[in-house]
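The chain contents come next:
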Amino acid sequence: MQTSSERTSSTAKFEQIATVLQIAGWASLLVQAGLAAVSGVLLLLAVSGRSFNQAIGTTTGVPGVGVATTQSATPSIGIGIFWAVCGALVLLFGVYLAFRLMRFGKRLRNPSPAIHPQRAKVMHVLWLGVVTGLIGMLLMLLGTGATIGVLLSKSIAQPQGVAIYDPNRIIRSLDVFVAAANTTGVTAHFAGTVASLSVFNWLHRPSD
């Protein structure tokens, strides 16, 4: 049977763990959700601009006759968009895991022990958050590398000191949006990984 001091110590420990889980969950949720919104807006601008350019890629010079004009969109940039979308989906899962941490913290504050989450489940969600962040960073880094490679190849193909008449050689701002979206996603996944890994290590530290 627990003494009064033991119950007080146990309650204080649960309160401390609940506070850490809620702070880490809130911080991870706000940072990841905010950066996910920024990355999503950048991707939306890039995809909508790409679709618009493709839509006007064919004009009509003579009634009833389609005249193909030079394609102003960058076909290869679609690889960067693909990886960015994959990373964004993984990021949404990371936001969900951050929300679960907040819920765990709230449940630990409940005076009924039956409501408290199991330690193994909390550790599993934290470890899953670390793995999710690493996978997300890998996907976003692949997108960043692919986008930078496209931009670099276009910059090398640009003739120096002369006018550029081929739109395919022009580095468009929409192409840069894809690189920015991937970079923002890397930052978001990094924040989620740090939050989960920090709490995971804190719970594994030797008790005093």
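Procedures and definitions
Positions within a chain are numbered from 1, following the residues in the order the chain's sequence is written. Given that this is a predicted model, residues contribute local features only at a pLDDT of at least 70 and side-chain atom pairs are listed and counted only at 80 or more, while totals for whole chains, interfaces and linings are drawn from all residues. Values reported for side chains reflect all heavy atoms of the structure, with hydrogen atoms and water molecules removed beforehand. The way it works is that DSSP assigns letters per residue, a run of H or I at least four long becomes a helix, a run of E at least two long becomes a strand, and they are numbered from the N terminus. The contact definition used throughout considers only heavy atoms, calling two residues in contact when any of these lie within 4.5 Å. To measure how exposed things are, a 1.4 Å probe is used in the Shrake-Rupley method; for residues, cover is taken only from the protein chains shown. Note on exposure labels: buried denotes an accessible area under 20% of the residue type's maximum, exposed denotes more than 50%, and partly exposed covers the range between, all computed with a 1.4 Å probe on protein chains only. Identification of polar contacts relies on pairs of N or O atoms within 3.5 Å, with a donor-acceptor requirement for protein atoms, meaning one able to donate a hydrogen and the other able to accept it, and with residues adjacent in sequence counted only if both atoms are side-chain atoms. One number per residue, pLDDT, summarises how confident the predictor is, and it ranges from 0 to 100.

**What to know about the overall build of the chain**
So, step 1. Scanning the chain from N- to C-terminus turns up four helices and two strands.
So, step 2. Along the chain, from the amino end to the carboxyl end, the secondary structure elements read α-β-β-α-α-α.
So, step 3. In the chain, the share of contacts with a sequence separation of at least 24, taken over all contacts with a separation of at least 6, comes to 80%.
So, step 4. Of the roughly 11,900 Å² of accessible surface on the chain, a fraction of 69% belongs to carbon and sulfur atoms.

**Describing the side chain of Gln32**
So, step 1. As for its position among the elements, Gln32 is in helix H1 (residues 4–55).
So, step 2. A relative accessible area of 4% places Gln32 in the buried class.
So, step 3. Within the structure, the side chain of Gln32 is placed 2.6 Å from the side chain of Ser28, a separation counted as a polar contact.
So, step 4. Excluding its chain neighbours within four sequence positions, the residues that come into contact with Gln32 are Leu91, Gly94, Val95, Ala98, Ala188 and Gly192.

**Some details on the confidence of the model for the chain**
So, step 1. Per-chain confidence: the chain averages 80 in pLDDT, with 74% of residues scoring 70 or above.
So, step 2. Ranking the elements of the chain by mean pLDDT puts strand E2 (residues 65–68) last with 42 and helix H2 (residues 77–108) first with 92.
So, step 3. Low confidence marks residues 58–71, where pLDDT is under 50. Its contacts with residues over four positions away, or in another chain, come to 19 contacts.

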